[in-house]
Structure formats: C-alpha cells, structure tokens
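Descriptive structure summary
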Amino acid sequence: MQRKNLFLIAVFLFTSLLFAYFDTTYATTTEPFVFAFTEVPTTLKATKEYRFTTNAPANSVVTYSVSNEKYATITPDGLLKGKQVGNITVTATCEGQTISCNIKITGKKTIYIDPGHQRYADLTSEPIGPGSSTRKEKMTGGATGVSTGIPEYKFTLTISKKLKTALEKKGYGVILSRTKHNVKMGNVARAKKGNKSGADICIRIHADSFSNSSAKGATVLYASSSNPYYAGKYSKKSKKLGKKLLTEYYKATGISSRGLAVRNDLTGTNWSKMPTVLIECGFFSNPAEDRKLNNTSFQKKMVKGLTNGIDAYFGYK
Ligand SMILES: [Zn+2]
C-alpha cells in the first residue's frame, strides 16, 4: 500500500508540473506583442539608404517618420535615406505603439579645409616636415587686398565657411582648421588637427600676391612624389585633386589657371597624412582680381567651382 501511495503522489506531482509548464507557455504566447525594430543602425552615411524592419505582424500597418528632413528622409514604409551630416530620430508606429531610435548621419566623404593665416602672424619657427632640421615661421601674415584692403585671413575664412555650407548640403562632412580669426595655430598644428579628423582630403585656402600688379589667376601647390615627408606618399592623389579643382574653378569663375606647382617646403602640406592641396584663389595684388575675390556674388561662383572640383575628384560628377 505504501508503494502505491508513493506512486500516486509522484503521478500527482508530475501532472501538476506539466500543467504549470503549459500554463506558463500559454501565458507567454497570449501576451500582446511588444512592437520593436528588428535591427537598428547607429550611423548612416549621407546619400546611403537603410531599410527598416520590425516585428509587426504581417497584416498590420507600420508607418515611419523622421525628426528632421534636412538630414534624412524616410518613406512611409521605412526606407531611410541620409542627406547631410546631423542627428535624427526615426519613429515607427504600429497599432497604437510608437518606437524610435537615434541615428547619426555621417558625411559621404570628409573634407578638411584650412583657411590660411590668422589675425596675428606667429614668426616663431617649426620644422617644415616631420624630422626635418629645416624650419619656417609657424604662420606668416598673409596678403592684403590692394584695392579692398581686406586681409587674406578674413578672405580665406569667408570662403572656407561658405564652402563648408555648400559641401554639407551635398552630403560631405566638413571640418575647418579654424572658425575665427583670433587663433594661434601654426601650420604643424593645423595639419595635425586634420590628421586627427579622419578627413579624406585637405584643401588649404589662400590668395596670392606679387610685385607686378598685373599677375592674375589661380594656382594649386602640391608636394612631389619625392617629398620625404607624409606628403610624398599622397602626391599623385593631390595632383589629381589639384587638377580637378583648377578645371572646375575656371569653369565656374572664369579665373584662369596658372597650373599646378610642386612645392616641397610647405609645412602644412608636409605634415598632412592625406591628399593635400593649397589653392591660391587669385591675386590680392591685382586690383580687379582682389575686388572679384572679395565680392559676395562672385564668391558663390568660387564656391561652386571648388565644390564641383571636389565632386569630380571623388567621381560624383
Ligand atoms: Zn597665404
């Protein structure tokens, strides 16, 4: 009798556990579904697309929206397209449930722009390249417009800021070496900032000056392949970038090209670990060219030319 009792107790316990198990399983499967994204990216490059998916039942309707259409757009069915650098929130709604996620739109390429000079020259010296015993001033004073009286450091920052805005609209990431006049940044410091920025190319903006006031036109300076510093390694690409810039700059502005010139003594170029060019946009010592370069509507043409040149370099054009 005792063994039979034990057996009955065992059967009872087993059955209870079985019911408890099915009870739990049953409870889980009947809970209302918790709406969620299947996967979420944290970043998306401008011009690239991402298709959102969720765990919503097949017969339900999911609608999507994005917080700021300046940076990205999304179709009602969840195809996100990056437009320009910025932070966005993507929201999805399904049967009264709303979920969202934050995404950073990054540049399709990153451009480092160095507006030449600064308010005060710094004539203390620094090596013209890593390990070099040759030294040059950290930052020279720059030219002054012979007709407008505008100093080069103001002109270069004006153009650089306008170029930044134009490039950002096209989906590029842009970093400036300086955003104000009153800085103390030598050429080595500027190149190092660019190297840290993760940029793809570096463009150094300058204006030219010469004793003969009839000299005019734009020049691009780049390092040769025999350059012993970082710049030598990027010579070929820098040359290609320079060519594209001069071609497009002329097309947009009518400022003639004086061509490419090899320079291996430019500190800001020698320390740069990426394709780097220095563009002399025209002559501040030429009264007519000075007026053009400092004219607001003409600057739009300059920016268009430079932007097209960058597009052409990367094959977007
Ligand atoms: Zn200059």
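Owing to the predicted nature of the structure, the values given are computational and were not obtained by experimental measurement.

One finds Ile111, Val277 and Ile279 to be the most contacted residues of the largest nonpolar core, which totals 46 residues. In this structure, isoleucine 279 is in contact with Ile203, Ile205, His206, Ala218, Val220 and Leu245, ignoring residues within four places of it in sequence. In terms of nonpolar packing, the next biggest core, distinct from the first, is built from 14 residues, Phe52, Val62, Ile74 and Val85 among them.

A word on unusual backbone geometry. Here the phi dihedral of threonine 47 falls at roughly 75 degrees; this positive angle occurs in a residue that is not glycine. Its location among the elements puts threonine 47 in the loop between β1 (43-45) and β2 (49-51). At histidine 117, a position not held by glycine, the phi torsion is positive, near 70 degrees. Structurally, histidine 117 is set in the loop between β8 (110-115) and β9 (122-127).

As a further point, take the environment of lysine 300. Looking at where lysine 300 falls in the secondary structure, it is placed in helix α8 (residues 296-314). Taking the C-alpha atoms as reference points, lysine 300 and threonine 134, separated by 166 residues in sequence, lie 39 Å from one another.

This part is about the packing of helix α5 (residues 235-253) against α8. Running from amino to carboxyl end, α5 crosses α8 at an angle of 145 degrees, the nearest separation of the two axes being 7 Å. Considering the relative orientation of α5 and α8, their crossing is right-handed. Each of Lys240, Leu241, Lys244, Leu245, Thr247, Glu248, Tyr249, Lys251, Ala252 and Thr253 in α5 lies in contact with α8, whose residues at this interface are Lys301, Met302, Lys304, Gly305, Leu306, Asn308, Gly309, Ala312 and Tyr313. Of the residues belonging to the contact of α5 with α8, the class tally is 8 nonpolar, 5 polar and 6 charged.

The next point concerns helix α3 (residues 187-197). The complete set of buried residues in α3 reads Asn187, Arg190, Ala191 and Gly194. The buried residues of α3 occupy one face: seen down the axis, they fall within an arc of 95 degrees. Residues of α3 that are buried in the fold lie against β8, β10 (135-139), β12 (201-208) and α6 (267-270). Immediately beyond the C-terminal end of α3, within one or two residues, lies glycine 198, with a positive phi of roughly 75 degrees.

Before going further, it helps to examine the packing of helix α2 (residues 152-169) against α8. Interaxial distance between α2 and α8 falls to 9 Å at its minimum, and their mutual angle equals 55 degrees. The pairing of α2 with α8 is recorded here as oblique in orientation. Judged by the twist between their axes, the crossing of α2 over α8 is right-handed. Residue-level inspection shows Thr158, Ile159, Lys162, Leu163, Ala166 and Leu167 of α2 in contact with α8, the latter providing Gln299, Met302, Val303, Leu306, Thr307 and Ile310. Residues belonging to the contact of α2 with α8 are distributed by class as follows: 8 nonpolar, 3 polar and 1 charged.

Turning our eyes to something else, we now look at the domain arrangement of the chain. In terms of domain boundaries, the chain breaks down into domain 1 (43-106) and domain 2 (110-314). For domain 1 and domain 2, the distance between their C-alpha centroids amounts to 38 Å. Facing the 6 residues of domain 1 at the interface are 4 residues of domain 2. Broken down by class, the residue content of the side of domain 1 that touches domain 2 amounts to 2 nonpolar, 3 polar and 1 charged.

If you walk across this open sheet you meet the 4 strands as β1-β7-β6-β3, and the pairing is mixed. The sheet terminates laterally at β1 and β3 (62-66), the two strands that pair on one side only. If you compare each strand with its neighbour and ignore which way they point, the axes differ by 30 degrees on average. Of the strand pairs in this sheet, β1 and strand β7 (residues 97-106) are connected by 3 bridges, and their pairing is parallel. Looking at the pairing, lysine 45 lines up with threonine 106 of β7.

Now for the environment of serine 209. With respect to the helices and strands, the residue serine 209 is situated in the loop between β12 and β13 (218-222). Residues serine 209 and alanine 56, spaced 153 residues apart in sequence, show a C-alpha to C-alpha distance of 66 Å. Beyond its immediate stretch of four places on either side in the chain, serine 209 contacts Ala143, Phe283, Phe284 and Ser285.

By secondary structure assignment, the location of lysine 317 is in the segment after α8. Classification of lysine 317 by C-beta neighbours within 10 Å gives exposed; the count is 12. Contacts of lysine 317, omitting those with residues within four sequence positions, involve Asn308, Asp311 and Ala312.

Quick notes on the rules
The written sequence of each chain sets the order in which its residues are numbered from 1. For a predicted model such as this one, the threshold for reporting local features is a pLDDT of at least 70, and the threshold for listing and counting side-chain atom pairs is 80 or more; totals across whole chains, interfaces and linings nevertheless cover every residue. We define the nonpolar core as any set of buried residues of the types Ala, Val, Leu, Ile, Met, Phe, Trp, Tyr and Cys, connected via C-beta atoms lying within 7 Å of each other. With C-beta atoms placed from the backbone, the exposure class of a residue follows from how many other C-beta atoms lie within 10 Å of its own: 20 or more, buried; 12 or fewer, exposed; in between, partly exposed. By definition, residue pairs are in contact when their C-beta atoms, positioned from the backbone, come within 7 Å. Numbering of helices and strands runs from the N terminus; a helix is a DSSP stretch of H or I covering at least four residues, while a strand is a stretch of E covering at least two. In this analysis an axis means a line fitted to C-alpha atoms, helices contributing only their contacting stretch, and an angle means the value between N-to-C directions, from 0 to 180 degrees. When the near helix sits turned anticlockwise from the far one by under a right angle, the crossing is termed left-handed; a clockwise turn instead gives a right-handed crossing. Note on residue categories: nonpolar means Ala, Val, Leu, Ile, Met, Phe, Trp, Tyr, Cys or Pro, charged means Asp, Glu, Lys or Arg, and polar means any other residue, Gly included. The directions from the helix axis to the C-beta atoms are what the arc is built from. An angle below 35 degrees is read as roughly parallel, one above 145 as roughly antiparallel, one from 65 to 115 as roughly perpendicular, and any other as oblique. Bear in mind that the domain bounds are from an automatic or database domain assignment. Note: two strands are recorded as paired if DSSP finds a minimum of 2 bridges between them.

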